[in-house]
Amino acid sequence: MIGALAGVCGVLGAGGLAAGALLPNARLFGPVVGRGAPDGRSVYLTFDDGPSPRATPSILDTLALEGAPATFFMVGRYAESHPELARAVASAGHLVGSHTYTHRKLTLLGPATVRREIGEGHRAVARAAGVEPEAFRAPHGHRNPFVDRTLRGMGCPLVGWTLGVWDSDRPGADEIRRRARSGMRPGTVLLLHDGDGYDPDGDRSQTAEALPGILDDLRRDGYAVRPLAELLA
Ligand SMILES: [Zn+2]
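About the cut-offs
- Residues numbered from 1 in each chain as written.
- Predicted model: local features only at pLDDT ≥ 70, side-chain atom pairs only at ≥ 80, totals over all residues.
- Helix = DSSP H or I, 4+ residues; strand = E, 2+ residues; numbered from the N terminus.
- Expected span 1.5 Å × (residues − 1).
- Bend = angle between axes of the 7 residues up to and from the residue.
- Buried ≥ 20, exposed ≤ 12 C-beta atoms within 10 Å, placed from the backbone.
- Contact = placed C-beta atoms within 7 Å.
- Core = buried A, V, L, I, M, F, W, Y, C linked by C-beta atoms within 7 Å.
- Pairing = 2+ DSSP bridges.
- Right-handed = clockwise from strand over helix to strand, strands pointing away.
- Arc of directions from axis to C-beta.
- Axes fitted to C-alpha atoms, helices over the stretch in contact; angles between N-to-C directions.
- Parallel < 35°, antiparallel > 145°, perpendicular 65-115°, else oblique.
- Left-handed = near helix turned anticlockwise from the far one by under 90°.
- Nonpolar A, V, L, I, M, F, W, Y, C, P; charged D, E, K, R; others polar.

(A) Quick peek at helix α9 (residues 205-220). The end-to-end C-alpha distance of α9, which contains 16 residues, comes to 24 Å, matching closely the 22 Å that a straight helix rising 1.5 Å per residue would cover. The sharpest bend along α9 reaches about 35° and sits at Leu-211, with the proline Pro-212 one to four residues further on. Buried within α9 we find Gln-206, Thr-207, Ala-208, Ala-210, Leu-211, Ile-214, Leu-215 and Leu-218. Of the surrounding secondary structure, the elements contacted by the buried residues of α9 are β1 (42-48), α3 (56-66), α8 (173-183), β6 (189-193) and β7 (224-225). The positive-phi residue at the C-terminal boundary of α9 is Gly-222, with phi of around 80°.

Right, dumping it as structure tokens:
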């Protein structure tokens, strides 16, 4: 069995292919931006799966209060449902990214479906936000060669992340804050959620509640929250 797999997958082996498909920063299928400089104090905030009325407005308020830039990887169908929130993200000066139209995992999908999920998501976010998304993040970071080919054709950079804190499991705002602080390193791209990719009514209020504390900790620990755009140049 192992021999058969090694034959199919060539020098990479099954483990290498699986890692390339499932790890958010794996470069097997093409370039991905997943962290900043490890020798500075810059960190980057990203929010996935919104916009949602239960968390996005409060998150935007906190970011405005603190003058902190962030990136929002929006699900196309949610941007269509809440164009006013998509526009609010863009007009606050945050980076607008797309995150497919329906939040399907892309790994096992063929080229036409991948192109449609990414393309329709991208266009829906653009229409709602009033600006062209400048980056794409794959649901769960899962990819395949068609994902990278589609993005290359669109001239759209792929973004991964360095630190996820499983805020989508709703472990409580204090625990989300604690995980963010304990995992933070220079150059970290932090993954948080302002929506739920599978449930339009999903509750991400714990993430919104944790954010002021996360920003406090970053300041106390000497980190500077920087715009992700500086890694995309
Ligand atoms: Zn997602």
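(B) Representation of the nonpolar core in the model. Within the largest apolar cluster, 54 residues are counted, with the highest numbers of intra-cluster contacts made by Met-74, Ala-79, Ala-86, Val-89, Val-125, Ala-129 and Leu-190. Other than its neighbours up to four places away in sequence, Ala-129 contacts Ala-79, Ala-86, Arg-87, Val-89, Ala-90 and Val-96.

(C) Region of the structure containing unusual backbone geometry. Here Gly-50 and Pro-51 are connected by a cis peptide whose omega angle stands at 0°. Checked against the element boundaries, Pro-51 lands in the loop between β1 and α3. One non-glycine residue, Trp-166, lies in positive phi territory at about 55°. Mapping Trp-166 onto the fold places it in the loop between β5 (163-164) and α8.

(D) View of the pairing of β6. Counted residue by residue, β6 has 5 buried out of 5 residues, so it is predominantly covered. Of the two faces of β6, the one lined by Val-189, Leu-191 and His-193 and the one lined by Leu-190 and Leu-192 are each fully buried. Pairing between β1 and β6: 5 bridges, direction parallel. Residue pairing across strands places Phe-47 opposite Leu-192, the latter belonging to β6. Judged from the 2 bridges that link them, β5 and β6 form a sheet pairing that is parallel. Looking across to β6, one finds that Leu-163 is bridged to Leu-190. Once you follow β5 into α8 and on to β6, the crossover reads as right-handed.

(E) Fine view of helix α5 (residues 83-91). All of the buried residues along α5 are Leu-85, Ala-86, Val-89 and Ala-90. Along the long axis of α5, the arc covered by the buried residues comes to 140°, so they all point the same way. For α5, exposure combined with an orientation more than 90 degrees from the buried face picks out Glu-84 and Ser-91. Against α3, β2 (71-74), α4 (76-81), β3 (95-98) and α6 (111-129) lie the buried residues of α5. With its phi angle positive at about 90°, Gly-93 sits one or two positions after the end of α5.

(F) Quick look at the packing of α5 against α6. Their axes nearest at 7 Å, the elements α5 and α6 cross at an angle of 80°. With respect to α6, the axis of α5 lies roughly perpendicular. Contacts between α5 and α6 involve Pro-83, Ala-86, Arg-87, Val-89 and Ala-90 on the former and, on the latter, Val-125, Ala-128 and Ala-129.

(G) Highlighting the packing of α3 against α9. Where α3 contacts α9, the two axes come as close as 9 Å, and the packing angle between them is 15°. One way to sum up the angle between α3 and α9 is to call them roughly parallel. You can see that α3 and α9 cross each other, and the crossing is right-handed. Counted together, Ser-58, Ile-59, Thr-62 and Glu-66 of α3 and Ala-208, Leu-211, Pro-212 and Leu-215 of α9 form the full contact between these two elements. For the contact of α3 with α9, the per-class residue count stands at 5 nonpolar, 2 polar and 1 charged.

(H) Highlighting the environment of His-103. Within the fold, His-103 resides in the loop between β3 and α6. Accessibility expressed as a C-beta count within 10 Å gives 21 for His-103, which makes it buried. Residues contacting His-103, with those up to four places away along its chain left out, are Asp-49, Val-75, Pro-139, Gly-197 and Tyr-198.

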